[in-house]
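Now for the letters of each chain:
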Amino acid sequence: GKLQGKGRQVTYVDAMDQRSAEQSRLAADLRIALDTEQLYLHYQPIVTMPGGELFGVEALVRWTHPARGPIGPAVFIPAAERTGLIVPLGAWILEEACRQAVRWIEELGDAAPHTVTVNVSARQLREAGFAGEVAAVLERTGLPPEVLTVEVTETAVFDGGTALTELRAIAALGVKIALDDFGTGHSSLGLLRTCPADVLKVDKSFVDDVTEGGQQAVVVAALIGICEGMGLRAVAEGVETAEQAAELQRLGYRYAQGFHYGRPMPAEAIAAYRPAPARS
Ligand code: C2E
Ligand code: CA
Ligand code: CA
Ligand code: CA
């Protein structure tokens, strides 16, 4: 009835207030975290198939809150984007990942990850001069540009007028560009015409369907053809099972990332990463 409806609306508004209050609290704590070493990076292997050898890594930020314990980036990155804190946070992530990439090259030589991928959010890309910041970080750390991959989502590229300009300037440095969560946006294919891209990350939602007989399985098959035709590297994301890996290989995929191969892990574990022995 009417009363119930009204009650629901009140609850909804309260929930909204609570959510934004929670977001402000998180952002305030995150500001402190940035200065006090509560933040660190994990790295997830990107492997070649069929062998599962380490090809590269994706840097993923982690936060252990002093009172609340670990908080996932899916929770605090949106808060950081809303408050603009993503700009200093993202700058720290970029520099930390580049420093680690240099350490791996020094320690491991040819066995170092060939590429270190860093997520860059829409808000960072919109900052005029972001490409200049990337160039400065490469210079400070001494990382060869071709080892760095900047990973952006479609929404980030379409977000503002300058995003594409910055992205082209980053590509001109010799840095690789990856399109994240590919296929989940509104005009993914249109993006391939305007945006400089070297890598397509095929979203987990499509990968899930390859062995589940879902309708999206055809998308996975079509995307590998597009990548081959355009000279892009296709990376299948969120590969969780041997069955998915086998099916992706059958379709022609050569690069994968997912729990089947390795979870995000500390830098030292990447140095020790070895493919799981093949089951017979
Ligand atoms: P993403 O960029 O799409 O990153 C992949 C996410 O999927 C990661 O979650 C990773 O742990 C998870 N994942 C990888 N393989 C599998 C799998 O086989 N199964 C399942 N179920 N999940 C898998 P995570 O680390 O929690 O990050 C979530 C999102 O937060 C990221 O999605 C990205 O959008 C954002 N994020 C994380 N780190 C950063 C960062 O340093 N900067 C920015 N701007 N965003 C970040
Ligand atoms: Ca990503
Ligand atoms: Ca992704
Ligand atoms: Ca995602």
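See above for the structure.
These notes cover the structure that comes with them. Just so it is clear, the model here is predicted, and its values are computed rather than measured.

**A word on the pattern of salt bridges**
Moving on, step 1. Within the structure shown, the criterion is met by 9 salt bridges.
Moving on, step 2. One salt bridge connects Glu22 with Arg68, and the closest N-O pair in it is separated by 3.1 Å. Highlighted residues: Glu22 in helix α1 (residues 2–35) and Arg68 in the loop between β2 (53–65) and β3 (69–71), separated in sequence by 46 residues.
Moving on, step 3. Note on Glu22: relative accessible area 23%, which makes it partly exposed.
Moving on, step 4. In this structure, Glu95 engages Arg99 in a salt bridge whose closest nitrogen and oxygen atoms are separated by 2.5 Å. Of this pair, Glu95 and Arg99 both sit in helix α3 (residues 86–108), separated by 4 residues, roughly a single helical turn.
Moving on, step 5. We classify Arg99 as partly exposed; its relative accessible area is 34%.

**Considering helix α2 (residues 73–83)**
Moving on, step 1. Looking at α2, one finds that the buried residues are Phe76, Ile77, Ala79 and Ala80. Across the axial projection of α2, the buried residues extend over an arc of 160°, all falling on one side. Opposite the buried face of α2, by more than 90 degrees, sit the exposed residues Ala74 and Arg82.
Moving on, step 2. Two residues or fewer past α2, Gly84 is found with a positive phi of approximately 85°.

Cut-offs used in this document
Residues numbered from 1 in each chain as written. Chains lettered and ligands numbered in written order. Predicted model: local features only at pLDDT ≥ 70, side-chain atom pairs only at ≥ 80, totals over all residues. Heavy atoms only, no water. Salt bridge = Lys/Arg side-chain N within 4 Å of Asp/Glu carboxyl O. Helix = DSSP H or I, 4+ residues; strand = E, 2+ residues; numbered from the N terminus. Buried < 20%, exposed > 50% of the residue type's maximum accessible area, 1.4 Å probe, protein only. Arc of directions from axis to C-beta.

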